[in-house]
Amino acid sequence: MFKNHEIKAVPEDQFSMSVENHGIQSYPYRLNFYDKPPLNDVTIEEFETAALDRLRVLAEIESSAARNRTWEEVKKVTEAQCNKYLPLHASTAKYMLVDEERRKDHLSHFVLRLAFCRSEDLRRRFVKAESTLFRVRYETDDYREREQFLNSRDFNWIPVTDSEKQEYRKELFSCYPGAKVESEREKAFSRETYYKVRWTRVPDLVEKRRVFLQRGWAYVPGKEQSSIVYQEFEVHLNRALEVTAKLLPRLDEDARLVPVLNNLSQGFLAGVPSEWGEASGSETTNEIKAEIVDELARKHFPLCMRALHESLRKDSHLKHFGRLQYGLFLKILGLSIEEAIIFWRKSFNRITDDKFNKEYKYNIRHSYGLEGKRANYPAKNCLQILSPGPSEHGCPYRHYSPENLQSALLSAYSSQGLTSADLPEILAIVNAGHFHVACTRVFEITHSSCGVSKGEGVGGGESVTHPNQYAARSIELTKDKGQGEDAMNVD
């Protein structure tokens, strides 16, 4: 399956034939229970890229749960993420590589299945996120295609005959969800088709008293048919993950795959780094001057970078890894090498010029790719900051005690609208292990004056996954607000 060569593109005429003829097409339906693993050859790069794109979607789904979004909000955010990273169009879509999209969806699911089968906690979180993604796709699928998919599988449900429906008419009608107007409810009920399944397959409907139970059978109306499908998907995926976990040791021999899978399994910890994760130069933002870094830190920096900045101002020094982390952040933010040298020289005001030039200037130039092997290093993303390593400054949301975190948040952001009343919500998110979601919530609170509402995140509902993403978006919002105010003041 995993070969180090490129896959040949499908000729356009062949592709159009496969869409029209389900007998030839590899993926006839948009919905998928992922029964069989992909058998085609893929490169390691495609293996990882496809998985990362899917992980971006699943990580945002998990963030949505931590942020208590409504189902409509979850659906909207998930669709936006899917359109961006994992598009999946209907078979009737024109000018779309439908089969190629579905091949990527198929591959990415199985790669993440390998990454998240390793522990019970990872399996639980993966199943929950995948089930939500399946539900979003089910609800947005073309009606005709969805019916074809349902007919293609054996869900082991038994259609209720008209005579049986009439026999239990009173009981079925009493728990039938419908319009408040009795006459309309009667008409809808008379048209409704019912299915019988064992009650253990629809625990959600039983809990809500939406079905009639008789001798261990649940009578499910057609409009609630989706609950059977969702439950079947979860059970199927849980069993598949357990099987995969037993087979996983065989992959330990492949040195190419293990590091990729280890990295992917950390995806729920801090989300998947956005495009800022690949940024490695000041071309991503406007250039900034050394003298305005203090003001930027006070108004726009996330808590991790504010902590580094305040430590630098307090001690006139940072240890190597703290200096490297903060220096790369400032580089991506737009601090040029010339301004960086000015900034660090003024910050290290307790040493002589000679000591600074000998012990620190080279490392600053090295981080900009001007010395040594001349590599243009990127800034650390949230996942790297959260992960254990040789650093004196990690993520405050993870490494601070609750008391210290509360003090740090109020000290840093009280002037931007954060109050003690906001702290219980933030701490609850931290205690649940969603550290980047807590940071995102702080961003929303402190930028409410710029029009950012709860659930919006740093834009489009996305969570913070990189310190530079936080700072750049904050600066952008402030600029937009300033331009808006200027426009309002024009006579």
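Residues numbered from 1 in each chain as written. Predicted model: local features only at pLDDT ≥ 70, side-chain atom pairs only at ≥ 80, totals over all residues. Heavy atoms only, no water.

Chemist: Is there a simple way to think about the overall build of the protein in this case?
Modeler: Assigned secondary structure in the protein consists of 25 helices and four strands. Considering the protein as a whole, with its 491 residues, one finds that 50% of them fall into the buried category. Long-range contacts, defined here as pairs at least 24 residues apart, represent 72% of the contacts in the protein between residues at least 6 apart. Of the accessible surface of the protein, which amounts to about 25300 Å², a share of 50% is contributed by carbon and sulfur atoms. (Helix = DSSP H or I, 4+ residues; strand = E, 2+ residues; numbered from the N terminus. Buried < 20%, exposed > 50% of the residue type's maximum accessible area, 1.4 Å probe, protein only. Contact = heavy atoms within 4.5 Å. Areas by Shrake-Rupley, 256 points an atom, 1.4 Å probe, with all protein chains shown as cover.)

Chemist: I'm lost on the packing of aromatic side chains in this one. Help?
Modeler: Counted according to the given criterion, the structure contains 28 aromatic pairs. A ring pair is formed by Y168 and F212, whose centres lie 5.3 Å apart and whose planes are at 45°; its orientation type is tilted. Remark: F212 occurs in strand 3 (residues 212–214) and Y168 occurs in the loop between helix 7 (162–167) and helix 8 (169–174); sequence separation between them is 44 residues. According to the relative accessible area criterion, Y168 is buried, its value standing at 15%. Classification of F212 by relative accessible area gives buried; the value is 11%. Taking the centre distance of 5.3 Å and the plane angle of 80° together, the rings of F343 and W344 count as edge-to-face. With respect to class, F343 is no different from W344; both count as buried. Connected via pairs of aromatic rings, a cluster forms that spans Y29, F33, F134, Y138, F149, F155, W157, Y195, Y230 and F233. Just above the ring of F173 sits the side chain of R185; from NZ or CZ to the centre is 4.3 Å. (Phe/Tyr/Trp six-rings, centres within 6.5 Å; stacked < 30°, edge-to-face > 60°. Lys NZ or Arg CZ within 6 Å of the ring centre and 35° of its normal.)

Chemist: Before we go on, may I ask you to explain the pattern of salt bridges in this structure?
Modeler: Side chains that carry opposite charge are capable of pairing whenever their charged atoms lie near each other. Inspection of every chain in the model, using the stated rule, returns 35 salt bridges. Two residues, K454 and E425, come together in a salt bridge whose shortest N-O distance is 3.2 Å. In this pair, K454 sits in the loop between helix 24 (435–446) and helix 25 (467–489) while E425 sits in helix 23 (residues 423–431), placing the two residues 29 residues apart along the sequence. Each of the salt bridges in this network shares a partner with another, and the network as a whole consists of E60, R67, R69, E425, R441, E444 and K454. (Salt bridge = Lys/Arg side-chain N within 4 Å of Asp/Glu carboxyl O.)

Chemist: How should I be thinking about the nonpolar core in this particular structure?
Modeler: Nonpolar side chains in soluble globular proteins tend to end up buried together. F301, Y326, F343, W344, Y397, L409 and I426 are the most contacted members of the largest nonpolar core, which totals 57 residues. The leading source of residues in this core is helix 24, at seven residues. With sequence-adjacent residues up to four places away left out, Y397 is seen in contact with L303, L405, L409, I426, V430, F435, A438, C439 and V442. Among the nonpolar cores identified, the runner-up in size contains 52 residues, and F33, L55, I61 and Y195 belong to it. (Core = buried A, V, L, I, M, F, W, Y, C linked by side-chain atoms within 4.5 Å.)

Chemist: Explanation requested: the environment of N238 in the structure shown.
Modeler: Looking at where N238 falls in the secondary structure, it is placed in helix 11 (residues 225–247). Separated by 112 residues in the primary sequence, N238 and F126 place their C-alpha atoms 9.4 Å from one another.

Chemist: Would you mind going over the side chain of S64 with me for this structure?
Modeler: One can find S64 in helix 2 (residues 44–66). Ignoring sequence-local partners within four residues, the contact set of S64 consists of R69, V74 and V77.

Chemist: Explain the packing of helix 15 (residues 303–315) against helix 17 (residues 337–347) to me, please; I cannot follow it from the model alone.
Modeler: Each pair of packed helices gets described by two things: the angle between the helix axes and the distance between those axes. Between helix 15 and helix 17, the least distance of the axes is 9 Å, while the angle of their chain directions is 50°. Considering the angle they form, helix 15 stands oblique to helix 17. Note on element contacts: helix 17 touches helix 15 through F343, W344 and S347, opposite H309, L312 and R313. For the contact of helix 15 with helix 17, the residue count by class is three nonpolar, two polar and one charged. (Axes fitted to C-alpha atoms, helices over the stretch in contact; angles between N-to-C directions. Parallel < 35°, antiparallel > 145°, perpendicular 65-115°, else oblique. Nonpolar A, V, L, I, M, F, W, Y, C, P; charged D, E, K, R; others polar.)

Chemist: What's the story with the pairing of strand 2 (residues 194–198) in this structure? I'm lost.
Modeler: Looking along a regular strand, one sees the side chains alternate between the two faces of the sheet. Of all the five residues making up strand 2, four are buried; the element is thus mostly covered by neighbouring parts of the structure. As judged from the two bridges shared by strand 1 (residues 158–159) and strand 2, these two strands associate in the antiparallel manner. In the strand pairing of strand 2, I158 is matched with K196. Across five bridges, strand 2 lies against strand 4 (residues 217–221) in antiparallel orientation. Within strand 4, the residue paired with Y194 across the bridge is P221. (Pairing = 2+ DSSP bridges.)

Chemist: What am I meant to see in the sheet that holds strand 3 here?
Modeler: Strand pairing in a sheet relies on backbone hydrogen bonds. The paired strands run either parallel or antiparallel. Strands sit in the order 1-2-4-3 across an open sheet of four strands; the sheet is antiparallel. Each having just a single partner strand, strand 1 and strand 3 make up the two edges of the open sheet.

Chemist: Quick question: what am I supposed to make of unusual backbone geometry here?
Modeler: Peptide bonds are, in most cases, trans, and in most cases residues other than glycine have a negative phi. Positioned with a positive phi, S316 is a non-glycine residue whose angle comes to about 55°. Inspection of the secondary structure puts S316 in the loop between helix 15 and helix 16 (320–333). The backbone of R374 shows a phi angle near 60°, a positive value even though the residue is not glycine. Along the chain, R374 falls in the loop between helix 19 (361–367) and helix 20 (382–386). Assessed through its relative accessible area of 55%, R374 is described here as exposed.

Chemist: For this particular structure, what's the right way to read the packing of helix 4 (residues 98–116) against helix 11?
Modeler: In the contact formed by helix 4 and helix 11, the axes pass within 9 Å of each other and the chain directions differ by 60°. Considering their axes alone, helix 4 and helix 11 lie oblique with respect to each other. Crossing hand, helix 4 versus helix 11: right-handed. Contacts between helix 4 and helix 11 involve H109, R113 and L114 from the former and L237, A240, L241 and T244 from the latter. (Left-handed = near helix turned anticlockwise from the far one by under 90°.)

Chemist: Would you explain the environment of G334 in this entry?
Modeler: Its place among the elements puts G334 in the loop between helix 16 and helix 17. Between the C-alpha atoms of G334 and E287, which are 47 residues apart in sequence, the distance is 4.3 Å.

Chemist: I tried to follow the confidence of the model for the protein on my own but got confused; where do I start?
Modeler: If pLDDT is low for a region, its predicted coordinates should not be looked at in detail. With 87% of its residues at a pLDDT of 70 or more, the protein has an overall mean of 85. Confidence drops under a pLDDT of 50 for residues 1–24, and excluding neighbours within four residues, the segment shows 36 contacts in the predicted structure. Here residues 484–491 is a poorly scored stretch, pLDDT under 50, and it has zero contacts once near neighbours within four places are set aside; other chains count. (pLDDT = per-residue confidence, 0-100.)

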